[in-house]
Amino acid sequence: MTHSKFTRRQFLQTSAALAGVAMVGPLVASGQAVKKTAIDQVTLGNTGIKLSRLGMGTGLDNGRILTGAGRDNFNKIIRHGYDQGITYFDTCDRYETSPWLAGAIKGMPREKLYIQSKISGQPVDLLAAIDAERKKINTDYFDSMLIHSQINPGWINLDPWKKMMDNFLVAQEKKWIRARGVSCHNLPALQDANKTDWCQVHLVRVNPQGKYVDGAGGRGYTASETNPIEPVLVEIKSMHEKGRGVIGMKIFGNGLFTDPAEREKSVKFAMSNPNIDAVVIGFKNTQEVDEGIAMINRALAA
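Numbers given for residues are sequential positions, taken from 1 along each chain in its written order. Two thresholds apply to this predicted model, a pLDDT of at least 70 for residue-level local features and 80 or more for giving and counting side-chain atom pairs, whereas whole-chain, interface and lining totals are computed over all residues. No hydrogens and no water enter the side-chain calculation; it runs on all heavy atoms of the structure.

Caption draft 1: Local environment of the overall build of the protein. Helix and strand assignments follow DSSP, with helices taken as H or I runs no shorter than four residues and strands as E runs no shorter than two, numbered in order from the N terminus. Looking only at helices and strands, the protein has 10 helices and 10 strands in total. Three labels apply to residues, based on accessible area from a 1.4 Å probe with only protein chains included: buried if under 20% of the type maximum, exposed if over 50%, partly exposed otherwise in between. In the protein, which comprises 302 residues, the proportion classed as buried is 50%. Within the protein, residue pairs in contact and separated by at least 24 positions form 73% of the contacts whose partners lie at least 6 positions apart. Using a 1.4 Å probe, the Shrake-Rupley method yields the accessible areas, and only the shown protein chains count as cover for residues. Summing over all exposed atoms, the protein offers an accessible surface of approximately 14,500 Å²; the carbon and sulfur share of this is 53%. Residues count as neighbours in contact if any of their non-hydrogen atoms are within 4.5 Å of one another.

Okay, here's the thing in structure tokens:
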């Protein structure tokens, strides 16, 4: 019988390789190491907060489309999404659906949900506004609370917004919100949001068609307006590198993309961007929820 002599380095290299096969091999073989889905629990930047990769928006036309279809339909959509694995629900103090969300999520384990809301305008008493929103949704806290629809260039240095930002910090100290941030509807405002360490979460309009995305000269509020997506992508990359949470919205161009091919194109674009943690999409019925999940799953598989 012959004996092989191993150096210490060879022994360590062989041991490490075998350990790697033992740990990675079964996962790869079962697909668990590589398969990603719409309902994965992902981490939002460096916040440590988990949410489903796909979130459900409740603000279609500020909620009017959903309220127009009735409360039973709204409850059905929310609960269907949760049953499919969606745990992220997005609302705002001015959405018509906001008072309905408490009933729609009733009975769901709060610790498994990610609820994001937004405060509109400049409330005289921000803490009272956040407290009112907590009571409306019947929750002790929000996982993230955002300044809604910021369009003012230089806003981070303007006294009214600086006071509001300070009060967000107080709300965090009270444990009324876990993370703070902003949704922007204007490129200069988005760029300013990226400059301040105050922001932990960014809700950003993004689609490759440039519809309803932040532009330098326009707000992206109309279907006829098309803005280049590249400047937005620059900011998203920088946000991600700073450890901020980045959530994409307007994936379906504010409902403008009625052609399935256009929706697929946008979903693939968002899912291929490593700087976007999650996306939020508004759905009018359970069939659209299933379609959204399937589209994201296909994009991730590709």
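Read on, since the account is not over.
Caption draft 2: Structural view of the pairing of strand E7 (residues 180-184). With respect to burial, E7 is a largely interior element, five of its five residues being buried. Neither face of E7 is exposed, since Arg180, Val182 and Cys184 on one face and Gly181 and Ser183 on the opposite face are all buried. Bridge count for strand E6 (residues 144-150) against E7 is four bridges, and the pairing is parallel. Each residue of the ladder has a partner; that of Met145, found in E7, is Arg180. Pairing between strands is defined by DSSP: at least two bridges between them are needed.

Caption draft 3: Looking closely at the pattern of salt bridges. Counted as salt bridges are all cases of a side-chain nitrogen of Lys or Arg within 4 Å of a carboxyl oxygen of Asp or Glu. Inspection of the entire model under this criterion finds 16 salt bridges. Its salt-bridge partner being Asp90, residue Lys118 comes within 2.4 Å of it at the nearest N-O pair. Of this pair, Lys118 sits in strand E5 (residues 114-119) while Asp90 sits in strand E4 (residues 88-90), placing them 28 residues apart in sequence. On the basis of relative accessible area, Asp90 is assigned to the buried category, the value being 4%. Note that Asp143 and Arg110 form a salt bridge whose closest N and O atoms lie 3.0 Å from each other. With a gap of 33 residues between them, Asp143 in the loop between helix H5 (126-137) and E6 and Arg110 in the loop between helix H4 (98-104) and E5 connect regions that are remote in the sequence. One exposure class covers both Asp143 and Arg110, and it is buried.

Caption draft 4: Highlighting the packing of helix H7 (residues 187-195) against helix H8 (residues 230-241). The contact between H7 and H8 brings their axes to 10 Å, and the two run at 15 degrees. Comparing the axis directions of H7 and H8 gives the class roughly parallel. Relative to H8, H7 is oriented so that their crossing is left-handed. Along the contact surface, H7 presents Leu187, Leu190, Gln191 and Asn194, while H8 presents Pro231, Val232, Glu235, Ser238 and Met239. For every element, the axis is a line fit to its C-alpha atoms; helices are fit only across the contacting stretch, and the angle between N-to-C directions ranges from 0 to 180 degrees. Roughly parallel means an angle under 35 degrees; roughly antiparallel means over 145; roughly perpendicular covers 65 to 115; every other angle is labelled oblique. Put simply, a crossing is left-handed when the front helix is turned counterclockwise from the back one by less than a right angle, and right-handed when it is turned clockwise.

Caption draft 5: Fine view of unusual backbone geometry. The phi torsion at Ser149 lies on the positive side, around 55 degrees, for a residue other than glycine. Of note, the phi angle at Asn254 is positive, near 60 degrees, even though the residue is not glycine. Following the sequence through the fold, Asn254 ends up in the loop between strand E9 (245-249) and helix H9 (260-271). Taking the relative accessible area as the measure of exposure, Asn254 reaches 41% and is therefore partly exposed.

Caption draft 6: Summary view of H8. Helix length check: H8 (12 residues) gives 17 Å between terminal C-alpha atoms against 16 Å at 1.5 Å per residue, within 8%. In this fold, the buried residues of H8 make contact with H7, strand E8 (201-205) and E9. Just downstream of H8, Gly243 is the residue with a positive phi angle, here 85 degrees. Here the expected span of a helix is defined as 1.5 Å times the quantity of residues minus one.

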